[in-house]
Amino acid sequence: MQPRCLGHCGALLRGSLGARPRRGNSLPLLPPARSVYIAPMSTNPPDLRPDLARARLTPAPRREGQPHIGMVSLGCPKALVDSERILTRLRAEGYGISPDYTGADAVIVNTCGFLDSAKAESLAAIGEALAENGRVIVTGCLGAEPEYITGAHPSVMAVTGPHQYEQVLDAVHAAVPPRPDPYIDLLPASGVSLTPRHYSYLKISEGCNHKCKFCIIPDMRGRLASRPAHAVMREAEKLVENGVKELLVISQDTSAYGVDIKHAEERGHRAHITDLARDLGSLGAWVRLHYVYPYPHVRNLIPLMAESLVLPYLDIPFQHAHPDVLRRMARPAAAAKTLDEIAAWRDICPDITLRSTFIVGYPGETEAEFQTLLDWLDEAQLDRVGCFQYENVAGARSNDLPDHVPDAVKQERWDRFMEKAQAISVEKLAAKVGSVQDVLIDDIDEDGIATCRTKADAPEIDGNLFIDEDTEGLSVGDLVRVEVDEAGEYDLWGARLR
């Protein structure tokens, strides 16, 4: 499994590569391959691509004359949610969902366009779909630049931008007219899920009001647009009723949820992240919060974690620690106050897991500024840390900043950052040996080894806990208790408790 982008304006990565190690094996101090970390947003795991994930998209028997649509979904979980919504709408209209290119009458490619490397992968995916199928509709973030796409692939049938569901449907209708069966189609469809049955992403808003100089997401996805809280809750309730054990709350800026609609209250639910988190916590599933900016009101979430209403886990994109770098990024320059906030959070909820992502080699970054970042990381002792090297993005204001850092210096700083982050991870995980953890089972392989996650692990970006003995009778999606008996750089091993 390759690392997967799960970041707001950046990558949230786990630090290992390739297959998981078995007991007694160690990962190299630094991953040998640079490309996984430089271009994480363009890396899409094969088992999240519907054209390759046959096990997850097993279509119903194909009735005569039924049109079928395939999809390639690239980029972050927010794009994945868009893909699920598009497929759900199509299925409700009578379309079949094809798990491969050859069985599809047309293919939708949902693209990523945040980094230049992500754009390159999106163009490659479009080219592959054209070669394998020939009838391709493009949507997603890169769709905000239609000339860029048609310049490389003039034969695509249509190009639409991010979260333009109606335009995508119109393009599909034009390319492959629907032929619904009035007896079995045109009914409200249960949602198509591109994630395993036991967890699901829950998108609470679109867009972002920040103006970070390195980011073009507001240009692609617009300003903050929050969903009504009652609509979010209705979706969450249905997911839990259908067997989802973990809800992963996502947006571009989760802490700002509801600001644009003035925290409106409707049908008993208020559009504020604290109220929403409390309401979601009442459903009995794990609730994990991603992309949380450290606004002062975030401290109100921590008691909910201490009370086990939501998971003790915060995913916060700090990006850097030096105030001058943060100012050049056009981000809040309050690293010292952030350390005070982190200490306060840990006082309230000692078990809280903190994850973040950082940029090294930002234009103008000096050695002294980078050293400040390393010193800050030493003091903050974050549990999960990802890092990527700065790269220009077409349309970003940071491109015009002076004193761009040479590639060799970026690489050297990235190596030093990851070495320190790994050392912190080793110490943090070693402290968990002997503890008892609640874990959610994500996979059981043919050898009976269960790949699980603790409350401290988000899927695909954090570590895992492995149970390699006594897994008879366990199933994917089960919640079990485990005693940790070994730790590595990023993963744990443990024994099942009965």
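Here, every reference points to the structure presented above.
Fair warning: this is a prediction, and the values are worked out from it, not measured in the lab.

Topic: the overall build of the chain
Thinking step 1. Within the chain one finds 13 helices and 20 strands.
Thinking step 2. Across the 498 residues of the chain, 59% fall into the buried class.
Thinking step 3. When contacts within the chain are restricted to residue pairs at least 6 apart in sequence, long-range pairs at least 24 apart make up 75% of them.
Thinking step 4. Put simply, the chain shows about 19300 Å² of open surface, and 52% of that area lies on carbon and sulfur atoms.

Quick notes on the packing of aromatic side chains
Thinking step 1. Under the defined criterion, the tally for this structure stands at nine aromatic pairs.
Thinking step 2. On the basis of an interplanar angle of 50° and a centroid distance of 5.5 Å, the ring pair of F358 and F417 is categorised as tilted. Taken together, the residues F358 in strand β14 (residues 353-360) and F417 in helix α13 (residues 407-430) connect sequence positions 59 residues apart.
Thinking step 3. Ring centres 5.3 Å apart and planes at 80° place the aromatic pair Y362 and Y390 in the edge-to-face group. Linking Y362 in the loop between β14 and α12 (367-380) with Y390 in the loop between β15 (384-389) and α13, this pair joins segments that are 28 residues apart in sequence.

Quick look at the environment of R179
Thinking step 1. In this structure, R179 sits in the loop between α5 (165-175) and β6 (199-203).
Thinking step 2. With 114 residues separating them in the primary sequence, R179 and G65 have C-alpha atoms 7.2 Å apart.

Looking at the pattern of salt bridges
Thinking step 1. Scanning all chains against the criterion turns up 27 salt bridges.
Thinking step 2. Close ionic contact of R453 with E246 constitutes a salt bridge, the shortest N to O distance being 2.6 Å. With R453 in strand β17 (residues 450-454) and E246 in strand β9 (residues 246-250), the pair connects residues that are 207 residues apart, well separated along the chain.
Thinking step 3. Taking the relative accessible area as the measure of exposure, E246 reaches 0% and is therefore buried.
Thinking step 4. Among the charged side chains, a network of salt bridges with common partners joins E365, E367, E412, R413 and R416.

Comments concerning unusual backbone geometry
Thinking step 1. Although it is not a glycine, Q381 adopts a positive phi angle of roughly 50°.
Thinking step 2. Under the relative-accessibility criterion, Q381 is labelled partly exposed at 22%.
Thinking step 3. Positive phi, normally seen in glycine, also occurs at D470, with a value near 55°.
Thinking step 4. One can find D470 in the loop between β18 (465-467) and β19 (479-487).
Thinking step 5. Relative accessible area serves as the criterion here: at 33%, D470 is assigned to the partly exposed category.

Cut-offs and rules
- Counting of residues starts from 1 at the beginning of each chain's written sequence and follows it residue by residue.
- Under the rules for a predicted model, residues below a pLDDT of 70 receive no local features and side-chain atom pairs below 80 are neither given nor counted, while totals for whole chains, interfaces and linings still include all residues.
- In computing side-chain properties, one takes all heavy atoms of the structure into account and sets aside hydrogens as well as water.
- Working definition: helices are DSSP H or I runs of at least four residues, strands are E runs of at least two. Numbering for both runs from the N terminus.
- Partly exposed residues are those whose accessible area sits between 20% and 50% of the maximum for their type, while under 20% is buried and over 50% is exposed, using a 1.4 Å probe and protein chains only.
- Here, residues are in contact when the closest pair of their heavy atoms is within 4.5 Å.
- Per-residue accessibility takes into account occlusion by the displayed protein chains alone, with areas from the Shrake-Rupley method and a 1.4 Å probe.
- Working definition: rings of Phe, Tyr and Trp (its six-membered ring) pair if their centres are within 6.5 Å, and the pair is stacked with planes under 30 degrees apart, edge-to-face with planes over 60 apart, and tilted otherwise.
- A pairing counts as a salt bridge when a side-chain nitrogen of Lys or Arg comes within 4 Å of a carboxyl oxygen of Asp or Glu.

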